[in-house]
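# What the coordinates show
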Amino acid sequence: MDVSVDPQGPSMKIILELQPEHFNKEENLTHSQFARLLWIPRISALYHTKANNIFPSSHLDQKTVSVFVRYQGATFSKQFWETLNSEQNQSICVTLTIAHIGKTSYMFQGDIVVPGNSTAVAQHYVQMVHVSTETRRPIPLPQWVTEKYRHLSKSSPPENMQPLTSWPSRVHKYCVTVPQRDIDVNQHTNQASYVKYVEEAISGGLRSGFYTVLGQITDPFIEKVGMLYRRETLLGDHLEVLNWEDSAEPRKLFFQILKNSNPVFDCFIQYSEDSSKERTLAKL
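An account of the accompanying structure is given in this report.

Reading the values: the criteria
Residues numbered from 1 in each chain as written. Predicted model: local features only at pLDDT ≥ 70, side-chain atom pairs only at ≥ 80, totals over all residues. Heavy atoms only, no water. Helix = DSSP H or I, 4+ residues; strand = E, 2+ residues; numbered from the N terminus. Expected span 1.5 Å × (residues − 1). Buried < 20%, exposed > 50% of the residue type's maximum accessible area, 1.4 Å probe, protein only. Polar contact = N/O pair within 3.5 Å; in protein donor to acceptor, adjacent residues only side chain to side chain. Pairing = 2+ DSSP bridges. Contact = heavy atoms within 4.5 Å. Phe/Tyr/Trp six-rings, centres within 6.5 Å; stacked < 30°, edge-to-face > 60°. Lys NZ or Arg CZ within 6 Å of the ring centre and 35° of its normal.

### Notes on helix H4 (residues 191-208)
Within an α-helix, residues lying three or four positions from one another point in the same direction, as the helix has 3.6 residues per turn. If you check H4, its first and last C-alpha atoms are 27 Å apart, about what 18 residues at 1.5 Å a residue would give, namely 26 Å. Extensive coverage of H4 is indicated by the burial of 13 of its 18 residues. By the N-cap criterion, in which a side-chain oxygen at the helix start approaches the backbone nitrogen of a residue two or three places on, H4 is capped by Asn190, the distance to Ala192 being 2.8 Å. Trailing H4 by a residue or two, Gly209 shows a phi angle of about 75°, which is positive.

### A few points about the pairing of strand S4 (residues 91-101)
Taking burial as the measure, the eleven residues of S4 include nine buried ones, the bulk of the element. By the bridge criterion, seven bridges tie strand S2 (residues 11-17) to S4 in an arrangement that is antiparallel. Considered in S4, the bridge of Glu17 is made with Ser91. Across six bridges, S4 lies against strand S5 (residues 105-113) in antiparallel orientation. The residue of S5 that forms the bridge with Ile98 is Phe108.

### Digging into the environment of Ala99
The topology assignment puts Ala99 in strand S4. Note: C-alpha distance between Ala99 and Tyr125 (26 residues apart in sequence) is 9.1 Å. The contacts of Ala99, once residues within four sequence positions are left out, are Met107, Phe108, Gln109, Leu152, Ser155 and Pro158.

### So, unusual backbone geometry
For Arg136, which is not a glycine, the phi torsion comes out positive at approximately 60°. Considering the arrangement of structural elements, one finds Arg136 in the loop between strand S6 (122-132) and helix H3 (143-148). Unlike most non-glycine residues, Ser261 shows phi in positive territory, near 70°. Judged by relative accessible area, which is 64%, Ser261 ranks as exposed.

### Comments concerning the packing of aromatic side chains
Using the criterion set out here, one finds nine aromatic pairs in the structure. With centroids separated by 6.4 Å and ring planes inclined at 45°, the aromatic side chains of Tyr194 and Tyr229 adopt a geometry described as tilted. In this pair, Tyr194 sits in helix H4 while Tyr229 sits in strand S8 (residues 220-229), placing the two residues 35 residues apart along the sequence. What makes Tyr194 buried here is its relative accessible area of 2%. A network of ring pairs unites the aromatic residues Tyr194, Tyr197, Tyr229 and Phe265 as a single cluster. Sitting above the plane of the Phe210 ring, Arg170 keeps its charged end 4.1 Å from the centroid. Its end group placed over the ring of Phe268, Lys252 keeps NZ or CZ at 4.7 Å from the ring centre.

The structure is reproduced here in structure tokens:
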């Protein structure tokens, strides 16, 4: 991994090498592995020595303050899914730029570029929240952050996702118990694992014929995704994944993961049809 920082941005550029384990048996990059890849730039912005005094979460007292990812979203071009596969030994360049500063949170936005192409094939957005390790509630950002980036507090934040508050009568349900392999170093469920549960729910919905459109269109690819993290879960927790189609646009699917009827994760995935018929649903 190669990391470079531009203090004037303030931005960070990270080169990530793609490994065989990032792909499924059809040699396609999966949703959950992509989410895990984007975890690396976030961690670099938090803890890499080059990020000191530049990014808002550097120099935190980790005994009293934690950083929680509230939202993560991305938009993809068709080229993203066509060029990233295990047949090529590839790396990707991920950029992070501070786009907005709030009272208790801040937002990154950035591009993803593949070798040999200067044009971004995807854009991504991340909202980070400072929380108290004792109460698990949001707390104000450090004073040096609000002073240094005062101009960014007046900027419009990137597009975000609002919590899902209801669902239709027709939903697909999938249940899962959090296994040991999905637990992170903080003894919580790794956030990328929620995306894996969504993948498994989609597979179940396709097998059962639940979807009115997704199972019928030719070679859909993901155009846009939004993920809202609402609560933490632990080893052994029993989770229920609710899944339904947008009534106005069936190519857009909504997901809500519940623990004891309380929402812990909201997500939407919007598909676009690949008319070239070169790809298959196997990328799920």
